[in-house]
Amino acid sequence: SRFSVRMTTAHNTGTPDLVDFNWDALGFQLVPTDFMYLMRCSSDGVFTNGELVPYGPIELNPAAAVLNYGQGLLEGLRAHRKEDGSILLFRPHENALRMRIGADRLCMPAPSVEQFLEAVKLTVLANKRWVPPTGKGSLYIRPQLIGSGAILGVAPAPQYTFIVFVCPVGHYFKDGLSPISLLTEEEYHRAAPGGTGDIKTIGNYASVVSAQRRAKEKGHSDVLYLDPIHNKFVEEVSSCNIFMVKGNVISTPLLTGTILPGITRKSVIGIAQNLGFQVEERNITIDELLGADEVFCTGTAVVLSPVGSITYRERKVEYGKNQEAGVVSQQLYAAFTAIQKGLVEDSMGWTLQL
Ligand code: COI
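Bear in mind that the values here come from a model prediction, so they are computed numbers and not experimental data.

Peer 1: Tell me about the overall build of the protein chain, and name the residues and values.
Peer 2: Each helix and strand counted, the protein chain has nine helices and 17 strands in total. A compact globule built from 354 residues should have a C-alpha radius of gyration of about 20 Å, and the protein chain, at 21 Å, falls within 12% of that. Dimensions of the protein chain, computed from the C-alpha atoms along their principal axes, are close to 60 × 55 × 40 Å. Classification of the 354 residues of the protein chain by burial places 45% in the buried group.

Now the structure itself:
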């Protein structure tokens, strides 16, 4: 079968459990792996016959709804390799549910939670050799749901495809765990009320790269978006949610429809509460954020990234001393990653062992 052909042609490392790869060089770049999962559904809205196939390009009609009208969703989750060789998925049910909510918004049928979980498990296990050794990174899992059917007018596609591919990753930002530098954006907005800012639709990411490029050209790591009505309340960063720490209170913008309901966001809120912090989900002004003790971002890709500075209207505010992460950010990062990596007992039941 295609399955065994691929397994034998992949590089031989002597250690059959792991591919021969320079794990120390991992960043957040695409690395082709062995298999991806594909499952299609036609107009009846029922997904069937999902299968693992060799990783590679897929064929799409140029009139596919996803290519013309952006009818598509993505998800992101991680798998970590434990010392004992087992693999831990972090809160995959949450991704399955979020994809279903997004699908509803975009008039797409979606895989059931069970189908989603099965697809993720199969894809990770088929690419097990690509799960980085403990401490060297993790396997980023990218489920996608796209309107693959051809259509000319603006309407839901007649067919859909669910895809899962995986990629070994290290740190998202180029300076690893060092605090990031954010540039506040006032001209462009990420999302508007009634729009799609609260689902993981692909278009949300196409629209942020222009301001992101501008910020990077000025030496910043990424863009901080403000609300589109007052240009005053903090929303989120291109690919992650934002939090501030002031004394014993940790605050993050309330989910009012323009903000992505991050799974890391939700997890960090729970962890902070368990650690005795007061957590508030509310509107936060940019001025308040600039006056915080610490600021950090959360996301599956960025994990928990401390913010070293925020620039707003030519004024640069720095957090912490000597570009070091604040103590609360460090404490939350440690607590969060310990659960993800299976270093502590998972009292929340967040991980799924493969
Ligand atoms: C994630 O955090 O997994 C994301 O989806 C962000 C991604 C756009 C890089």
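Peer 1: Tell me about helix H9 (residues 327-340), residues and numbers included.
Peer 2: Between its first and last C-alpha, H9 extends 20 Å over 14 residues, near the 20 Å set by a 1.5 Å rise per residue. Along H9, the residues classified as buried are Val328, Ser329, Leu332, Tyr333, Phe336, Ile339 and Gln340. Buried residues of H9 fall within an arc of 135 degrees about the axis and therefore sit on the same side. Once H9 finishes, Gly342 follows within two positions and takes phi at roughly 70 degrees, a positive value.

Peer 1: Account for unusual backbone geometry, naming residues and giving values.
Peer 2: Positive phi outside glycine occurs at Asn49, with the angle close to 55 degrees. With respect to the helices and strands, the residue Asn49 is situated in strand E2 (residues 47-54). With a phi close to 70 degrees, Glu314 is a non-glycine residue in the positive phi region. Note that Glu314 resides in the loop between strand E15 (303-312) and strand E16 (315-318).

Peer 1: Which residues make up helix H6 (residues 209-217), and what values go with them?
Peer 2: Of the positions making up H6, those classed as buried are Ala211, Gln212 and Ala215. Viewed end-on, H6 has its buried residues packed into an arc of 105 degrees, placing them on one side of the element. Seen from the buried face of H6, the exposed residues on the opposite side, beyond 90 degrees, are Val209, Arg213 and Glu217. Where H6 is buried, its residues contact strand E8 (180-185) and strand E9 (222-226). One or two positions beyond H6, positive phi appears at Gly219, with a value near 90 degrees.

Peer 1: Requested: an account of the site of the ligand, with residues and values cited.
Peer 2: In the vicinity of the ligand, the contacting residues are Gly76, Tyr205, Ser239, Gly299, Thr300 and Ala301. Classifying every residue of the shell around the ligand gives two nonpolar, four polar and no charged.

The rules we used
- Residues numbered from 1 in each chain as written.
- Predicted model: local features only at pLDDT ≥ 70, side-chain atom pairs only at ≥ 80, totals over all residues.
- Helix = DSSP H or I, 4+ residues; strand = E, 2+ residues; numbered from the N terminus.
- Rg over C-alpha atoms; globule rule 2.2 N^0.38 Å.
- Buried ≥ 20, exposed ≤ 12 C-beta atoms within 10 Å, placed from the backbone.
- Expected span 1.5 Å × (residues − 1).
- Arc of directions from axis to C-beta.
- Contact = placed C-beta atoms within 7 Å.
- Near = placed C-beta within 6 Å.
- Nonpolar A, V, L, I, M, F, W, Y, C, P; charged D, E, K, R; others polar.

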